[in-house]
Each structure stands twice: as structure tokens, then as C-alpha cells.
Amino acid sequence: MKKCIDRIYNGIIRENPTFVLMLGMCPTLATTTSARNGLGMGLTTMAVLVFSNLIISLLRNIIPDRVRIPAYIVIVASLVTVVQLLLQAYMRSLNDALGIFIPLIVVNCIILGRAEAYAAKNGPLESAFDGIGMGLGFSLALMCIGMVRELLGSGSVFGYTIIPEEYNISIFTMAPGAFFVLAGLTALQNKLKLPSATNNGDNGSVLACGGDCMNCSGSACIANHAMIETRRLQAEEDALAAKQKELAARQEALSGKLDRKDE
Amino acid sequence: MDTFKSLLLIIISSALVNNIILSQFQGLCPFLGVSKKTDTAVGMGVAVIFVITLSSFVTSLIYRFILKPNGLDYLKTIAFILIIAALVQFVEMFLKKNIPTLYQALGVFLPLITTNCAVLGAALTNVESGYGILQSVFNGLGTAVGFTIAIVLLSSIRESIEDNDIPRNFKGSPIVLITSGLMAIAFMGFSGMIS
């Protein structure tokens, strides 16, 4: 039980998917025009995440290692379809507000990332709680961003008007506002030196994706891992060659010294 | 003439008015991640144009002739993501074997594209807007061109502001996000161009 509570704490605070890991930026920016939409998107993602973690964890010994990514994608896509049909049937307004971002939950890196990083290695109960924790963290983060944007852009929180209309900065509910709010947030994290994927600086990676393998999922990392591996081997070989050269040079110098001594 | 005009309108509206990144928020990860240098941004853009146009064609073909007639409409998310993943793998293998020069230029970017939501988003938008096969291909092309315009512009801006005096806390990703926000404001100027 302690482990389950720890998973929830981990998802909300320690490894918050939005604020700390910076995963799933597309829905974060697109669906947070109001607090209600942000919360709706977060809870929809959470529903998919809990069940995908549970199912993948149950099947983790059956799925062959080589086809695991396609298998995960099929599981997640089926769950997303189920959730989408449920939303269409019972929550029409939320479905219309989120639009294309419901089917796009399939390619949300949080879900595949958790499947690969946690559910594939742990038991079903912990995995389900990991999904709940991560989902809650994502929902809370989206709700907070949505609240800020709604308050600045349309002067209300959850639909209750707080600031009169003439003081609204309507750009915050439009597309550019999303970028500005997120920029402010990351700048604040830099200022306070909070743990975040954005403030560990420039890691100087030469990989196309920025080399952020820890927060990456999907097939990108497979190709890049191969590249890293070849680079590492190359570097090792180079180091070995350099060492041998140095050794040879030293030997030569030593034999030269001996020669001189002989003379 | 009329079809030509409507296709041109589709391209302009998907590339500029409803720019996939700056107004639809799809494909942000490569937009922020691969925009450090202009040449990698161009490479990514070309790879995205290639994959989105091809996948728009294949997905609309499959939707029209397999899913729709059999009443399997609800399977489109699953079908499309698998088609896209398989297609990207196939393209990668084909390029590696037959056109090595092109593979060297685009190879690194291809695996990144599978998990890019812009590709799936374009395929789903085609279906939801009720586009035919030709219209889907042109919509895909326009979407991808819009992506390339945005990422190349951002990378050029990033290259030229690299040595600027940026407030310490805004160094790194915050300034990139602010740049994108300003670009999004600029792109809002295109809305209303097509009524």
C-alpha cells in the first residue's frame, strides 16, 4: 500500500509529467484555453493511462520484446477509441471542445513513456497506481495552466467571472498566449532552480532529437541508441589507438635512452 | 479550373491560415527540439513533407476503400497509427537500399516522425473534413509545407538570437517559446485571408 501511495506522490510532485518531465506538450498547449477544458483533457488522458498501464503490465510477460512498441500502440489506440466513443455518447460538449486531441492521445509521449519505463517492468497494481499518479499530475498541471489562461484571457475561472470584460487580455486564450504562459512557467522554474527537463541546460548532444533519451519514447530512441552505441565504440577504439600510440612513443623514447646509456 | 482553385485554397489554408504548429499545436516536439540549426531544420522539414504527403495518400486510400465500405469507421485511429508506423519503417528501408544519398540526409529524422502527432493529425483531419483522395494529398502537402515554413523560420531566428543578451532566466527554452508565441501572432495575420 505504501508503494501505491508513493507512486501517486511521484506522479503529482516528483516526476510531474508537465512541469518536471515536460512531456506531452501538444495537448498541454492546445487544450488549456480554459480550466474546464484542461481538466477534461487531463482526466481523459488519465483514464487511458490507467488502463493502458494495467493491461500492459498484465501482458508484460507475454508480449515478445521485439514487437513491444507496436503492441503497446495497438493497446493504447484501442483504449483511446473506447474513450472517444464514450465521450461522444455521454459528454458531447467536452468531445467537441477537445476535438482532434482525443484521438491524438495515442501519440502522447506520456502514455508510451510510462508503458516502457514503468508498466513493462512492474506488477499490475503498482502500474495502475502509477497511471493514476501520472494522470492526476497531468490533470492538475493542465488545470493550472488553463486557469491562468482563462483568468487572463477571459477574466473567469471555471466559467465564474472574476475580472470585468474591459480588463481581459484576449490573446491569452488564443494560440500565442499558450506559448507565452508556458514561457513564463519555464522561466519561473529556471529562476527558482526547480527540477525540470528545461533547466538542466544545453546538453550539447549531436542527436537530431536533442538526445533527451530519458524523456523519449517510441522508435526514435531505438535508432538513436544504435547511433550512440556506434559512437561510443568508435570513441573507445580511438582512445585505445591513442593509448597504443602513446605507449609506442614511450617505448621508443625509453629504448633511445637505453641506447644512449649503452654508448 | 475549379478543382485547381479548390486545391490551391486547401494548400494555402493548411499551410498558412491553419498552420499545423502555430495555430493547431501539433508536432511541437520536433518544432522545439530540432530547430537549433537551420540545416537540420530543413532536413526535418523535407522528411515531414515526404512522410505526411505519402501517409495522407495511403490512409485516405485505405479509409475510402477498406474502412468506410465495411462500416469500420471507428477503427480509424488504430488503423492509421499502424499504417503510419509501418509506412515510415518501409520508407526507411527503401531509402536505405535504393537511394542512399537521400537516406543519409533524412535517415535520422524518419524514426522521429512516427511518434509525431502532426502525421496522425493530418490523416485524421483529412477524414474528418471529408476530403477525397486528391484533396487529402494536397491537404497533407500543405500541412507539411506549413510545418517546414514554421520550423525553418524558428531555426533561423534561434541562430541569430543565440549571442543576444537574454535575461538569465529566459535562456534556453523560455526564449524559444516566446519566439514561437510572437511567430504565432504573426501567423494570426493570415486568418481571414480565406473566408
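Small disclaimer: the values here were computed from a predicted structure and weren't measured.

Enquirer: In this structure, what is going on with the overall build of chain A? I would like to understand it.
Expert: Counting its regular elements, chain A contains 9 helices and 2 strands. Of the regular secondary structure in chain A, the N- to C-terminal order runs α-α-α-α-α-α-α-β-β-α-α. Among the 263 residues that make up chain A, the fraction classed as buried is 45%. Here the contacts in chain A between residues at least 6 apart in sequence split such that 70% fall between residues at least 24 apart. Taken as a whole, chain A presents about 13800 Å² of accessible surface, with 64% of it coming from carbon and sulfur.

Enquirer: I would appreciate a short explanation of the packing of helix H7 (residues 124-154) of chain A against helix H8 (residues 175-192) of chain A in the present structure.
Expert: Relative orientation and spacing of two packed helices are given, respectively, by the angle between their axes and the distance between those axes. Residue and element names in this part refer to chain A. The N-to-C vectors of H7 and H8 enclose an angle of 120°; their axes lie 11 Å apart at closest approach. The orientation of H7 with respect to H8, classified from their angle, is oblique. As H7 packs across H8, the resulting crossing turns out to be right-handed. Contact with H7, carried on its side by Ile145, Val148 and Arg149, involves Gly177, Ala178, Val181 and Leu182 of H8 and no other residues of that element. Of the residues contributing to the contact of H7 with H8, the split by class is 5 nonpolar, 1 polar and 1 charged.

Enquirer: Quick question: what am I supposed to make of the interface of chain B and chain A here?
Expert: It is common to report an interface's size as the accessible area lost on association of the parts. On the side of chain A, 41 residues touch chain B, which itself brings 42 residues to the contact. Of the roughly 3600 Å² buried between chain B and chain A on both sides combined, carbon and sulfur atoms contribute 77%. Put simply, chain B and chain A have 0 salt bridges between them. Connecting chain B to chain A are 0 residue pairs in polar contact (both at pLDDT 80 or more). Broken down by secondary-structure element, the contributors of at least two residues to the side of chain B that touches chain A are helix H2 (28-33), helix H4 (76-98), helix H6 (110-114), helix H7 (117-128) and helix H9 (173-188) of chain B. When residues of the side of chain B that touches chain A are assigned to their parent elements, the largest contribution, 10 residues, is made by H9 of chain B.

Enquirer: Looking at this model, I keep getting lost on the nonpolar core. Mind explaining?
Expert: The nonpolar side chains of soluble globular proteins are, as a tendency, buried together. Leu22, Phe25, Leu28, Phe80 and Leu120 of chain B are the most contacted members of the largest nonpolar core, which has 97 residues in total. Not counting residues up to four positions away in its chain, the partners in contact with leucine 22 of chain B are Ala175 and Phe179 of chain A together with Phe31, Ala150, Ser180, Met183, Ala184 and Phe187 of chain B.

Enquirer: What's the story with the confidence of the model for chain A in this structure? I'm lost.
Expert: Per-residue pLDDT for chain A has a mean of 82; in total, 85% of the residues score no lower than 70. Ranking the elements of chain A by mean pLDDT puts helix H9 (residues 220-262) of chain A last, at 75, and helix H3 (residues 35-58) of chain A first, at 93.

Enquirer: Mind showing me how you'd approach the packing of aromatic side chains here?
Expert: For any pair of aromatic rings, geometry is given as the distance between the ring centres together with the angle between the planes. Residue and element names in this part refer to chain B. As enumerated under the stated definition, the model contains 3 aromatic pairs over all chains in all. Taking the centre distance of 6.4 Å and the plane angle of 70° together, the rings of tyrosine 63 and phenylalanine 80 count as edge-to-face. With a gap of 17 residues between them, tyrosine 63 in helix H3 (residues 38-67) and phenylalanine 80 in helix H4 connect regions that are remote in the sequence. Here phenylalanine 80 falls in the buried class, since its relative accessible area comes to 0%.

Enquirer: Quick question: what am I supposed to make of the pattern of salt bridges here?
Expert: Oppositely charged side chains are able to pair whenever their charged atoms sit close together. Residues and elements named next belong to chain A. Counted according to the given criterion, the structure contains 8 salt bridges over all chains. Two residues, arginine 7 and aspartate 130, come together in a salt bridge whose shortest N-O distance is 2.9 Å. Remark: aspartate 130 occurs in helix H7 and arginine 7 occurs in helix H1 (residues 2-14); sequence separation between them is 123 residues. Exposure class is identical for arginine 7 and aspartate 130. Each is buried. For arginine 114, the salt bridge identified is with glutamate 15, shortest N-O distance 3.6 Å. Of this pair, arginine 114 sits in helix H6 (residues 109-119) while glutamate 15 sits in the loop between H1 and helix H2 (25-30), and the two are 99 residues apart along the sequence. By relative accessible area, which is 8% here, arginine 114 ends up buried. Beyond isolated ion pairs, a larger network of salt bridges with shared partners links Arg7, Glu15, Arg114 and Asp130.

Enquirer: Would you mind going over the environment of serine 160 of chain B with me for this structure?
Expert: All names here are of chain B. Within the secondary structure, serine 160 sits in helix H8 (residues 133-160). Judged by relative accessible area, which is 53%, serine 160 ranks as exposed. Residues serine 160 and serine 129 lie 31 residues apart in sequence; the distance between their C-alpha atoms is 39 Å.

Enquirer: Looking at this structure, how should I read the side chain of threonine 143 of chain B?
Expert: Mapping threonine 143 of chain B onto the fold places it in helix H8. Each residue touching threonine 143 of chain B, except ones within four places of it in the same chain, is listed here: Ser14, Ile20 and Ala122 of chain B.

Enquirer: Can you help me understand a negative patch on the surface in this one?
Expert: A contiguous patch of negative charge on the surface is contributed by Asp39, Glu159, Glu162 and Asp163 of chain B. Mapped onto the elements of the fold, aspartate 39 of chain B is located in helix H3.

Enquirer: Teacher, can you tell me more about a nonpolar patch on the surface here?
Expert: A cluster of nonpolar residues, Phe90, Met93, Phe94, Ile99 and Leu102 of chain B, forms a patch on the protein surface that exposes about 480 Å² of accessible area. For phenylalanine 90 of chain B, the position within the fold is in helix H4.

Enquirer: Would you explain a positive patch on the surface in this entry?
Expert: Taken together, the side chains of Lys191 and Lys193 of chain A together with Arg168 and Lys171 of chain B present a region of like positive charge at the surface. As for its placement among the helices and strands, arginine 168 of chain B is situated in the loop between H8 and H9.

Enquirer: Looking at this structure, I do not really get the side chain of threonine 81 of chain A. What am I missing?
Expert: Mapped onto the elements, threonine 81 of chain A comes out in helix H4 (residues 68-90). Contact partners of threonine 81 of chain A, with chain neighbours within four places excluded, come to Tyr74, Thr77 and Ile78 of chain B.

Enquirer: I would appreciate a short explanation of the packing of H3 of chain B against H8 of chain B in the present structure.
Expert: All names here are of chain B. Here H3 crosses H8 at 165°, and the two axes come no closer than 8 Å. Of the possible angle classes, the one that applies to H3 and H8 is roughly antiparallel. With respect to the hand of their crossing, H3 and H8 are arranged in right-handed fashion. When the residues that make up the contact of H3 with H8 are grouped by side-chain class, the tally is 17 nonpolar, 10 polar and 2 charged.

Rules used in this analysis
Residues numbered from 1 in each chain as written. Chains lettered and ligands numbered in written order. Predicted model: local features only at pLDDT ≥ 70, side-chain atom pairs only at ≥ 80, totals over all residues. Heavy atoms only, no water. Helix = DSSP H or I, 4+ residues; strand = E, 2+ residues; numbered from the N terminus. Buried < 20%, exposed > 50% of the residue type's maximum accessible area, 1.4 Å probe, protein only. Contact = heavy atoms within 4.5 Å. Areas by Shrake-Rupley, 256 points an atom, 1.4 Å probe, with all protein chains shown as cover. Axes fitted to C-alpha atoms, helices over the stretch in contact; angles between N-to-C directions. Parallel < 35°, antiparallel > 145°, perpendicular 65-115°, else oblique. Left-handed = near helix turned anticlockwise from the far one by under 90°. Nonpolar A, V, L, I, M, F, W, Y, C, P; charged D, E, K, R; others polar. Buried area = accessible area lost by both parts, 1.4 Å probe. Salt bridge = Lys/Arg side-chain N within 4 Å of Asp/Glu carboxyl O. Polar contact = N/O pair within 3.5 Å; in protein donor to acceptor, adjacent residues only side chain to side chain. Core = buried A, V, L, I, M, F, W, Y, C linked by side-chain atoms within 4.5 Å. pLDDT = per-residue confidence, 0-100. Phe/Tyr/Trp six-rings, centres within 6.5 Å; stacked < 30°, edge-to-face > 60°. Patch = residues over 30% accessible without salt bridge, like charges linked within 9 Å, V, L, I, M, F, W, Y side chains within 5 Å. Lys, Arg positive; Asp, Glu negative; His and termini not counted. Charge placed at Lys NZ, Arg CZ, Asp CG, Glu CD.

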